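# Structural overview
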Amino acid sequence: MQVNYLLLAFTGIFLAGTFFHYKYTHKKGTEFRYKPITLLIIGILFLLSLYGIIAGKPYNEILPFIR
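### Notes on the packing of helix H1 (residues 2-28) against helix H2 (residues 36-55)
Relative to each other, H1 and H2 sit at 140 degrees, their axes nearing to 9 Å. By the angle class used here, H1 and H2 are oblique. Here H1 runs over H2; the crossing is left-handed. Taking contact as the criterion, the partners of Asn 4, Tyr 5, Leu 7, Leu 8, Thr 11, Gly 12, Phe 14, Leu 15 and Thr 18 in H1 are, on H2, Thr 38, Leu 39, Ile 42, Gly 43, Leu 45, Phe 46, Ser 49, Leu 50, Gly 52 and Ile 53.

Pasting the structure below:
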């Protein structure tokens, strides 16, 4: 169960940092570069960990191929 909280924290920090960097570059008028595949994967992991916390399931039950 602690894996869900750790994953939620790390992915949340990454997504928040990316958002604040976007706002900063938009304010400065510079170009914002991002990797869409990375953001998609991080977003999916964030949602899976949030689901695990809400449903009360450990991470290995959400994704059964993880042992």
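### Description of the packing of aromatic side chains
Counted by the stated rule, this structure contains 3 aromatic pairs. Here the aromatic rings of Tyr 22 and Phe 32 are separated by 5.3 Å at their centres, their planes lie at 75 degrees, and the arrangement is edge-to-face. Here the residue Tyr 22 occupies a position in helix H1, and Phe 32 occupies one in the loop between H1 and H2, the gap between them amounting to 10 residues. Through a chain of ring-to-ring contacts, three or more aromatic side chains come together here, namely Tyr 22, Phe 32 and Tyr 34.

Analysis parameters
- Each chain carries its own residue numbering, running from 1 in the direction its sequence is written.
- Side-chain atom pairs in this predicted model are given and counted only at pLDDT of 80 or more, local residue features only at pLDDT of at least 70, and totals for whole chains, interfaces and linings cover all residues.
- In computing side-chain values, all of the structure's heavy atoms are included and hydrogens and water are not.
- Simply put, an axis is a line fit to the C-alpha atoms, just over the touching stretch for a helix, and the angle between two N-to-C directions goes from 0 to 180 degrees.
- Helix and strand labels come from DSSP, where a helix needs a run of H or I of at least four residues and a strand needs a run of E of at least two; each type is numbered from the N terminus.
- Should an angle fall under 35 degrees it is taken as roughly parallel, and over 145 as roughly antiparallel, whereas 65 to 115 is taken as roughly perpendicular and any remaining angle as oblique.
- Handedness of a crossing is defined here by the sense of rotation of the near helix relative to the far one, left-handed for an anticlockwise turn of less than a right angle and right-handed for a clockwise turn.
- A contact between two residues is defined here by any heavy atoms of the two lying within 4.5 Å.
- Two rings from Phe, Tyr or Trp (for Trp, the six-membered ring) form a pair when their centres sit within 6.5 Å of each other. Planes less than 30 degrees apart are called stacked, planes more than 60 degrees apart edge-to-face, and all others tilted.

Geometric descriptors of this kind do not, in isolation, establish any biological role.
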